[in-house]
Amino acid sequence: MASSSCFRIENIFSSALKHSNANANKKANVFSPQFSSFSLLSSSRLLSPKLPLLKSSFSHSLSIRASSPSSSTTIAEPEGIKINSVPTKPIDGQKTGTSGLRKKVKVFMEENYLANWIQALFNSLPAEDYKNGLLVLGGDGRYFNKEAAQIIIKIAAGNGVGKILVGKEGIMSTPAVSAVIRKREANGGFIMSASHNPGGPEYDWGIKFNYSSGQPAPESITDKIYGNTLSISEIKIAEIPDVDLSRLGVTKYGNFIVEVVDPVSDYLELMENVFDFELIRSLVSRSDFRFIFDAMHAVTGAYAKPIFVDKLGASLDSISNGVPLEDFGHGHPDPNLTYAKDLVKIMYSENGPDFGAASDGDGDRNMILGKEFFVTPSDSVAIIAANAQGAIPYFKSGPKGLARSMPTSGALDRVAEKLSLPFFEVPTGWKFFGNLMDAGKLSICGEESFGTGSDHIREKDGIWAVLAWLSIIAHRNKDKKLGDKLVSVADVVKEHWATYGRNFFSRYDYEECESEGANKMIEYLRDLASKSKPGEKYGSYVLQCADDFKYTDPVDGSMVSKQGVRFIFTDGSRIIFRLSGTGSAGATVRMYIEQFEPDVSKHELDAQTALKPLIDLALSVSKLKEFTGREKPTVIT
């Protein structure tokens, strides 16, 4: 094998699996436990009516190939494992975005593309952060994850990692990876996901690395990874068989260990420690309360039945699209009013359920709905924060502090002020919350992009947000008898507005714009903001300040700039423009519009109606149509 210039990473669902398993039986010791809480739902209600389960069988095989005619060489044989050095060359375009590296699947399947990035990661980490250490590996179940998992495992072994914990079938939600890293005291973990982006052979794939606190790697590390992708010359890979990811248990190759684990159990245990499951069960199991959770054929389908059905007593038919599919059932697993339209239709129907929720591809985002009522993410985190101490045992002593991303509405600011809590405004990207959490300054935080979470882990957490809302509704109804009118989601939100005022908020997404035009628009706005002066009139609005948001971390003093162009007016209204770092192609332009309204009589206005003058101003100021050619947004939130 050392003399070969090509190491094939065969698809584990092809006929090559039999050959690999035969080798594994000869070279490795395998121990398989007999139980797992991880199960894929098979109720016909939960399967897409349109599509059969996508078969995990492909005509291709993946390769890590030497980039030069010279053959790869064996560089070590620790405890009988042969480690080979495969020559490679730098590949352009491997700079990570807001949350890891995301590209089209076909890009990652190109020769050495994924392998180069994984090796560059190990080249960027101090040896003590992985040598003989423990790493976690999981993903959202999308197309290419199983093949990628084999590549990652072999390169990890080649670089001296001691043990890999991998979710069964390669599945583990992003929040669960963070939870497992923290519980098992791992050195870090890989997450195979393009989050809320579509999956399948023609769509998106992604990879990111989380550190030992379970938080996304900081920019100091991602910058190093990118630098190393520009100079990489070899890939270190162990010559071991593919691991059977369909069986729980431990496989040993000399001193290197792979353990396939139940992806649900550690996360479920954590949720039971955070929330009062008996309180939630008292609500969910009521005959006069109807609940629906849409897993969008994504990773939370693996968690929905064990948590909502088995533990909390929801009926099986309350779980919609509960089978994780490699292409998400041809859907777009982004829980918003556009892409979760089937759930929205159910919740706005005449006899719709009382509570609805959805989560995204990798399980870190969420959408909350009441009967004929949508809760904006900005309101959601504010309401959770305002009710956490009374409804959620984890916060019985009160939150330590609150934080939001800069574009998120100021609703959370008002809660922090009323509760006399420390408050932080950070750039978009969950990693910016991590330092504050580790320093004991932050408990609850959120982003307007449907991300909500707390310091129980170091990622946003979709199911956590659903359980938080169920806790609040259950707490408000704990003394209600059967037949009494229940306090609804809408009741909780309107009561919050009456207490704190309403921050009308909307986000316009223009997806896959031509990058050149989008970048020119942002540069134009930066120039306009730099020349603007307080007191200038923008239609009927008076400018308070305009800038390109920059942030200095209060914990470590690190600084980031160019995080979004803001125009803030004297009445508290804001218009904000930024380019998203979560897409895989082109540029996504995001425009945020916010206006505070203290008058209770105006709180039930439609947000688009209330914000129309400000929306028109934002479109005019930005010259968005002129720069991008777009007449309408792709998504309005």
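Residues numbered from 1 in each chain as written. Predicted model: local features only at pLDDT ≥ 70, side-chain atom pairs only at ≥ 80, totals over all residues. Heavy atoms only, no water.

The name an unreviewed UniProt entry assigns to the chain is phosphoglucomutase (alpha-D-glucose-1,6-bisphosphate-dependent), from the organism Jatropha curcas. What UniProt records for the chain under Subcellular location (unreviewed entry) is the sentence "Plastid, Chloroplast". Word for word, the UniProt comment on the chain under Subunit (unreviewed entry) is "Monomer." (UniProt positions renumbered as here; feature names shortened; annotations may be inferred.)

When helices and strands are counted, the chain shows 18 helices and 31 strands. Split into buried and exposed, the 637 residues of the chain put 59% on the buried side. Of the contacts made within the chain by residues no fewer than 6 positions apart, 75% connect residues no fewer than 24 positions apart. In the structure as shown, the chain presents an accessible area of about 24300 Å², 48% of it carried by carbon and sulfur atoms. (Helix = DSSP H or I, 4+ residues; strand = E, 2+ residues; numbered from the N terminus. Buried < 20%, exposed > 50% of the residue type's maximum accessible area, 1.4 Å probe, protein only. Contact = heavy atoms within 4.5 Å. Areas by Shrake-Rupley, 256 points an atom, 1.4 Å probe, with all protein chains shown as cover.)

Of all hydrophobic cores here, the largest spans 78 residues; its most connected members are Phe275, Tyr303, Phe308, Phe355, Leu467, Trp469 and Leu470. Considering every element that reaches this core, the biggest residue donor is helix α14 (residues 462-476), with eleven residues. Grouped together as the second largest cluster of nonpolar side chains are 52 residues, Ile118, Ala217, Ile240 and Tyr253 included. (Core = buried A, V, L, I, M, F, W, Y, C linked by side-chain atoms within 4.5 Å.)

Turning our eyes to something else, we now look at the sheet that holds strand β14 (residues 291-294). A sheet is described by the order of its strands in space; here five strands give the open sequence β15-β14-β16-β17-β18, paired in mixed fashion. Lying at the two open borders of the sheet, with one neighbouring strand each, are β15 (319-320) and β18 (373-375). As judged from the three bridges shared by strand β17 (residues 366-370) and β18, these two strands associate in the antiparallel manner. Paired with Gly370 across the bridge in β18 is Phe373. Helix α15 (residues 489-500) contacts β16 (355-359), β17 and β18 of the sheet and is inclined by roughly 55° relative to β18. (Pairing = 2+ DSSP bridges. Axes fitted to C-alpha atoms, helices over the stretch in contact; angles between N-to-C directions.)

To continue, consider the pairing of strand β20 (residues 423-426). Alternating positions in β20 separate cleanly, Phe424 and Val426 being buried on one face and Phe423 and Glu425 remaining unburied on the opposite face. Pairing analysis gives four bridges linking strand β19 (residues 402-405) to β20, with the strands arranged parallel. When the bridges of β20 are listed, Leu402 appears paired with Phe423. Traced from β19 through helix α12 (residues 411-418) to β20, the parallel crossover comes out right-handed. (Right-handed = clockwise from strand over helix to strand, strands pointing away.)

Unusually for a residue other than glycine, Glu169 sits at a positive phi of about 60°. Among the secondary structure elements, Glu169 is positioned in the loop between β8 (163-167) and α5 (174-183). Judged by its relative accessible area of 22%, Glu169 falls in the partly exposed class. Its identity is not glycine, yet Ser195 carries a phi of approximately 55°, on the positive side. Positionally, Ser195 belongs in the loop between β9 (188-192) and β10 (204-210). With a relative accessible area of 3%, Ser195 lands in the buried category.

As a further point, take the packing of aromatic side chains. What the rule picks out here adds up to 22 aromatic pairs. Judged by centre distance (6.1 Å) and plane angle (40°), the ring pair of Phe373 and Trp497 falls under tilted. Linking Phe373 in strand β18 with Trp497 in helix α15, this pair joins segments that are 124 residues apart in sequence. Comparing Phe373 with Trp497, the two get one shared label, buried. Relative to Phe569, the ring of Tyr541 lies with its centre 5.4 Å away and its plane at 45°, an arrangement referred to as tilted. Here the residue Tyr541 occupies a position in strand β25 (residues 541-548), and Phe569 occupies one in strand β28 (residues 565-569), the gap between them amounting to 28 residues. (Phe/Tyr/Trp six-rings, centres within 6.5 Å; stacked < 30°, edge-to-face > 60°.)

Going through the model one piece at a time under the given rule, you end up with 37 salt bridges. Notably, a salt bridge pairs Lys400 with Asp455, separated by 3.2 Å at the nearest N-O pair. Placement of the pair is Lys400 in the loop between α11 (377-391) and β19 and Asp455 in the loop between β22 (451-454) and α14, with a sequence separation of 55 residues. For Lys400, a relative accessible area of 44% translates into the label partly exposed. The exposure class assigned to Asp455 is buried, which follows from its relative accessible area of 7%. Where salt bridges share partners, they join Arg404, Asp413, Glu425, Asp547, Arg566, Arg574 and Glu594 into one cluster. (Salt bridge = Lys/Arg side-chain N within 4 Å of Asp/Glu carboxyl O.)

Attention now moves to the pairing of β22. Because side chains alternate across β22, one face comprises the buried residues Gly451 and Gly453, and the other comprises Thr452 and Ser454, equally buried. As judged from the four bridges shared by strand β21 (residues 444-447) and β22, these two strands associate in the antiparallel manner. Looking at β22, one finds that Glu447 is bridged to Gly451. Count of turn residues in the β21/β22 antiparallel hairpin: three residues, of which Phe450 carries a positive phi of about 70°.

Attention now goes to the environment of Val177. Tracing the sequence through the fold places Val177 in helix α5. The contact partners of Val177, leaving out residues within four places of it in the chain, are Val136, Gly138, Met172 and Ile191.

With eight of its eleven residues buried, helix α9 (residues 301-311) lies for the most part within the structure. Residues of α9 that are buried include every one of Gly301, Ala302, Tyr303, Ala304, Pro306, Ile307, Phe308 and Val309, and no others. Once α9 ends, the next one or two residues include Gly313, with phi positive near 85°.

The next subject is the packing of α11 against α15. Here α11 crosses α15 at 80°, and the two axes come no closer than 11 Å. For the element pair α11 / α15, the angle class is roughly perpendicular. In this structure, α11 uses Asp379, Ala382, Ile383 and Ala386 to contact α15, whose residues at the interface are Val492, Val493, His496, Trp497 and Tyr500. Of the residues contributing to the contact of α11 with α15, the split by class is seven nonpolar, one polar and one charged. (Parallel < 35°, antiparallel > 145°, perpendicular 65-115°, else oblique. Nonpolar A, V, L, I, M, F, W, Y, C, P; charged D, E, K, R; others polar.)

Further remarks concern the sheet that holds strand β31 (residues 635-636). With antiparallel pairing, the seven strands of this open sheet are ordered in space as β24-β25-β28-β29-β30-β23-β31. The open sheet has two free edges, formed respectively by β24 (537-538) and β31, since each of these has just one partner strand. One ladder, built from two bridges, connects β24 with β25; its direction is antiparallel. Bridged to Tyr538 within β25 is Tyr541.

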